[in-house]
Structures are given as C-alpha cells and as structure tokens.
Amino acid sequence: RWDSVATPFAAMGVLEKIKEIEDEMARTQKNKATEYHLGQLKAKLAKLRTQLLEPPKGSSGASDGFEVSKYGHGRVSLIGFPSVGKSTLLTMMTGTNSETAAYEFTTLTCIPGVIHYKDTKIQLLDLPGIIEGASQGKGRGRQVIAVAKSSDLILMVLDASKSSGHKEILTKELEAVGLRLNKKPPNISLIKKKTGGITLNSMVPLTHCDEKLVYQILSEYKIHNAEVLFREDATVDDLIDVIEGNRKYVRCLYVYNKIDVCSIEEVDQIARQPHSVVISCNMNLNLEGLLESMWEHMSLRRIYTKKQGCKPDFEEPVILSEDRGGCTIDVFCKQLHAELIKSVKYALVWGTSSKHYPQRCGLGHTLEDEDVVQVVKKKVAEDGRGRFKMQGQDTQRIADREKKAKLKT
C-alpha cells in the first residue's frame, strides 16, 4: 500500500517536482511561523535545480554545446531576448560580421569577435537569444548559459522601448542555474567533519535566519557534522549557495539599446540606474562610453616592465585581472616566466600603488593600472675567500703546501 503511494512522486520528473515546489512557495504566506517551512522548500529547490544541470546518467558528459576557445585578456558574453540588437552590437564593436535580419532567432550559434581597447584584447561572444524557461533547456538555453558561466563579464542587452520586466525575467533565468549577477560570495565558512555534530557561531547578530533554520537546511543536505561560521548577516539563500558550492559570481552590465526611439526623460531615468549603459546601434550613440564601462567592470590592469638602467617599455604591457589570478607582483612574475618567482629578491614599483618613487615591494604588493615594475633578482653566491675567488681547491703559494712525509726505506 505504501509503495503505491510513493510511486507517483518517484516517477515524477525533476521539472514537475520543481514546478510543484515553486507553486507551494507561491501559495505559502511569508511570516515568522512559515519561515522554517520556506527554508526547507528553498533547499529542496536548489538541490533539484543542481540535479537538472547534471548530465544524464550513462552519458559520456559531452554535449552539443558552443565550443569557443578562450582568447585574449577577458571574455564578454552578450545575453538577451531575440531581436534586441546583439549581433549589430558585435559587428559595430569588433568588425566581425554577424548575420542580422528583421526576424527573431537570426543567430543560431555562438559567434566570437575581438575588441582591441587600451592595449588589451577582449573576446566578445554573440550568443543566440534566450527565452523564458531557458534554465530548463528551452531554446538551447542551457548551452547559452553554460558559455555565460565561463565569461568574465555579461552584457545583458535590453530593448529600452519595451517593458522593464525583461531584465527581471533574464536575471531569474540566470540565477536559476547558479549565476549570481553583481554579487559577492557570502562570507560564511562551512567545514564538514566526520564527528562532533554541528557547531554554529556568528560574528554578527543574525536577523534573517536562526539556529533552528540552519540545522534544518543542513539536515536537508544530510550534513550532520560540520562547523558553520557566519561573518556577516546572511540570508537563507546565501547559506544554500555556500552548501551547494557551484555558484558563479559574475559582473553584469545592463545595456539598453534603441534609445533613439525613447524620450530624453526616459533615457535619463534608465542611465541613472546602477550598472546600466544606454546606447543606440542604429545611430552609433555612446559606444565609446560602453567600452569604458566594460573596462571598469572587468577591472583589467596594464603593468609595464622596466629593465635596470633602461626606460620603461610602454609598447607591450602585462595585463592582470582580479578574476584571473589577481593583481599582485607574485602573479606578474609568473606571467613573465614560470621560474622567475624562485629568484626574485624584490621589485621596484613606480605608479599609483606606490607611496614614493620607486617603492621597494615584496611579492604580496597589489599593483594598479599603468604601474611600472622592475624586478630585482637574487645574486648567486660565489665560492671564495673574501672578495677574491679561488680558481681551484689547491693552494696557490708553494709555502702553503703541506709537506709530504718521507718515504720509508
């Protein structure tokens, strides 16, 4: 009898289970009495969405995704609904010809282009338009979002003349697959253990979740022995993100195209929103401002090299990024040569990151844009007595030689 009751839920697909939990969350009122129930539902929903992204059992893991190799110092993806001007934007910014037409879904695959800006090469990817339900696989949505996960910056292209609901729909689709836009990773430490139960500590007062709710969410993930430390007033969603551990935190720039059909008041209102840029591909408006915003959001830094006794080389800078390793002298030396780090004594730095010119810095010093660095290597110790090197192990003077004992006859 119990088997017959359990069978329908077991046979139910992952998408149906997700739909059922979302409906239950929509029906449930948010108050103090229901927050534990809603927390458990959020944990179940996150587990099912992670299960949805995993390749099916028995498959080799290979899929018909967009295979585009990384090129340049940064990767930017264009994401948006069909017919908002993504392909036109790619053509105008990179010179790469991407097919454009008056109908939707003109672009069916990933088309790469390269932007040359401030001595750097930025790869720009034109992706097919995504629709509502893309996180569940509609309209090649999963392949598009997989490419977006590997990007350093996402340009969400929106139509300024249409409703503002498009931004919320796209953000919801990206967050459903583990992308977090313009957010920092939650400052929560979770260390799993073999024994000892759950130890919960917090450095700040928790207002969004309490001890009982944290225990419930951890038991939902079958974690019964762990140390949890909250260093900030985090929410239930932040805790679930830390437990899942597969979230990608990406910077996002909202690009509003087709502003030439809007009034100046509407354009002014849109441009004042955070992380937003207004452009018009049709009339070639503010494309230079878009490039400047992209540069700021990607936080790329140009570091120039200098040899001892020579002028700095301002022709070919070393490009560092916070997202790709960091901007310290340690990373800078590794980019010059993998073995250089072993022989570095210190570095002389000229630029905005130094307190005086030149400043003698160690490997942990953080560099800023357009700094000049001269690396000083350790001197190899020479064998010898004092300043004078001995040519061999034998003594040089005849008087210093040891006299051999006479032969016995």
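Quick caveat: nothing in here was measured; it's all calculated off a predicted structure.

A. Looking closely at the sheet that holds strand β6 (residues 188-192). Ordered by their spatial adjacency, three strands build an open sheet running β6-β8-β7, and the pairing between neighbours is mixed. The two strands at the open ends of the sheet, each matched to only one other strand, are β6 and β7 (198-202). Taking the axes of each pair of neighbouring strands and ignoring which way they run, one obtains an average angle of 10 degrees across the sheet. Examined bridge by bridge, β6 and strand β8 (residues 226-230) share five bridges and lie antiparallel to one another. Counterpart to Ile-188 in the pairing with β8 is Phe-230. Sitting on the sheet, helix α8 (residues 236-244) is in contact with β6 and β8, with an inclination near 40 degrees to β6.

B. Just the confidence of the model for the protein chain, in detail. Averaged over every residue, the pLDDT of the protein chain is 77; the share at 70 or more is 81%. Low pLDDT (under 50) marks residues 1-11, which in the prediction has two contacts with non-local residues, meaning those over four places away or in another chain.

C. Representation of the sheet that holds strand β15 (residues 371-377). Pairing within the open sheet is mixed, and its five strands lie in the order β12-β11-β15-β13-β14. With partners counted over all chains shown, the strands left at the sheet margins are β12 (313-321) and β14 (359-361), one partner each. When the angles between neighbouring strand axes are averaged without regard to direction, this sheet yields 40 degrees. As paired elements, strand β13 (residues 344-350) and β15 share six bridges and run antiparallel to each other. Its bridge partner being in β15, Val-344 is matched across the sheet by Lys-377. Strand contacts of helix α11 (residues 329-336): β11 (300-305), β12, β13, β14 and β15, with the helix running at about 120 degrees to β12, the strand carrying the most contacts.

D. Quick peek at the pairing of β11. Of all six residues in β11, five are buried; the element is thus mostly enclosed. Where β11 and β15 come together, three bridges link them in parallel fashion. Looking at β15, one finds that Ile-303 is bridged to Asp-371.

E. Region of interest: the packing of helix α4 (residues 86-94) against helix α10 (residues 287-298). For the pair α4 and α10, the least separation of the axes is 12 Å and the interaxial angle reads 85 degrees. For the element pair α4 / α10, the angle class is roughly perpendicular. Between α4, through Leu-89, Met-92 and Met-93, and α10, the contact on the second element is made entirely by Leu-287, Leu-290, Leu-291 and Met-294. Its residues assigned to classes, the contact of α4 with α10 comprises seven nonpolar, no polar and no charged.

Parameters at a glance
- The written sequence of each chain sets the order in which its residues are numbered from 1.
- Whole-chain, interface and lining totals are the exception, using all residues; otherwise, since this is a predicted model, local features are given only for residues with pLDDT of at least 70 and side-chain atom pairs are given and counted only at 80 or more.
- With hydrogens and water stripped out, all remaining heavy atoms of the structure feed into the side-chain values.
- Only strands joined by at least two bridges in the DSSP assignment are considered to pair.
- Segments assigned H or I by DSSP are reported as helices when at least four residues long, segments assigned E as strands when at least two residues long, and all are numbered from the N terminus.
- Axis definition: a line fitted to C-alpha atoms, over the contacting stretch in the case of helices. Angles run 0 to 180 degrees between N-to-C directions.
- It only takes one pair of heavy atoms within 4.5 Å for two residues to be counted as in contact.
- pLDDT: the predictor's confidence for each residue, scored from 0 to 100.
- Between buried and exposed lies partly exposed: a residue is buried under 20% and exposed over 50% of the maximum accessible area for its type, with that area taken using a 1.4 Å probe on protein chains only.
- Our angle categories are set so that under 35 degrees counts as roughly parallel, over 145 as roughly antiparallel, 65 to 115 as roughly perpendicular, and the remainder as oblique.
- Only Asp, Glu, Lys and Arg are considered charged, only Ala, Val, Leu, Ile, Met, Phe, Trp, Tyr, Cys and Pro nonpolar, and every remaining residue, Gly among them, polar.

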